[in-house]
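Single-letter residue listing:
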Amino acid sequence: MKRDPRLHGLSSDHHQALVLARRIGRRANAGTLDAELARDAVRRFHDDVEPHFVVEEEVLLPALTEVGEDELVRRTIEDHEALKALMESVAEGAVESLAAFAERLTAHVRFEEQILFPACEEKLADAVLDEAARRAPHPATG
């Protein structure tokens with residue numbers, strides 16, 4: 001299924017998140033997780049991932065709640081909170097938490113691309129998708 005252009009910005013964020021997760025995963029498998037990678041991951045989380053979460057939590061999730069998609073909303077918030085907690089652990093020096101973060105981030109992106117975004121496209125009003133596009137951290141491309 002082709003993605004609604006108004007969600008392209010958020011999908012682009014997902015691509016960047018997967019790049020980060022793959023990089024961390026490769027380093028975890030090689031046993032080379034270090035403080036430099038942790039600092040970069042924390043920066044990218046704060047600069048890229050958290051703003052993405054804000055758009056979803058302030059625009060998409062309330063609208064999904066209004067149309068009765070409580071389970072999707074619950075799963076999304078649960079994932080966001082787990083990812084924030086893992087990254088907080090990394091920021092506090094637990095470099096080993098990077099591997100769990102990368103695994104959870106990958107699963108979360110797949111969930112959003114395969115389940116959450118199709119539900120948004122099917123069930124949400126144009127005004128909601130327009131607002132998501134307007135607020136996406138990376139401008140949507142047509």
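Residues numbered from 1 in each chain as written. Predicted model: local features only at pLDDT ≥ 70, side-chain atom pairs only at ≥ 80, totals over all residues. Heavy atoms only, no water.

(A) Summary view of helix 5 (residues 126-135). Within helix 5, the full set of buried residues consists of Val-128, Leu-129, Ala-132 and Ala-133. The buried residues of helix 5 occupy an angular sector of 140° when projected down its axis, which confines them to one face. Residues Ala-127 and Arg-134 are exposed on helix 5 and point more than 90 degrees away from its buried face. Among the structural elements, helix 1 (8-30), helix 2 (35-66) and helix 4 (97-123) are those in contact with the buried residues of helix 5. (Buried < 20%, exposed > 50% of the residue type's maximum accessible area, 1.4 Å probe, protein only. Helix = DSSP H or I, 4+ residues; strand = E, 2+ residues; numbered from the N terminus. Arc of directions from axis to C-beta. Contact = heavy atoms within 4.5 Å.)

(B) Representation of the nonpolar core within the structure. Of all hydrophobic cores here, the largest spans 21 residues; its most connected members are Ile-24, Phe-45, Met-87, Leu-98, Phe-101 and Leu-105. For this core, the elements supplying multiple residues, two or more each, are helix 1, helix 2, helix 3 (70-91) and helix 4. The dominant element in this core, judged by the number of residues it contributes, is helix 2, at seven residues. Once residues within four sequence positions are removed from consideration, Phe-101 is found in contact with Leu-20, Ile-24, Phe-45, Leu-83, Leu-86 and Met-87. Counting residues in hydrophobic clusters, the runner-up holds 20 residues, among them Leu-10, Val-59, Leu-60 and Phe-111. (Core = buried A, V, L, I, M, F, W, Y, C linked by side-chain atoms within 4.5 Å.)

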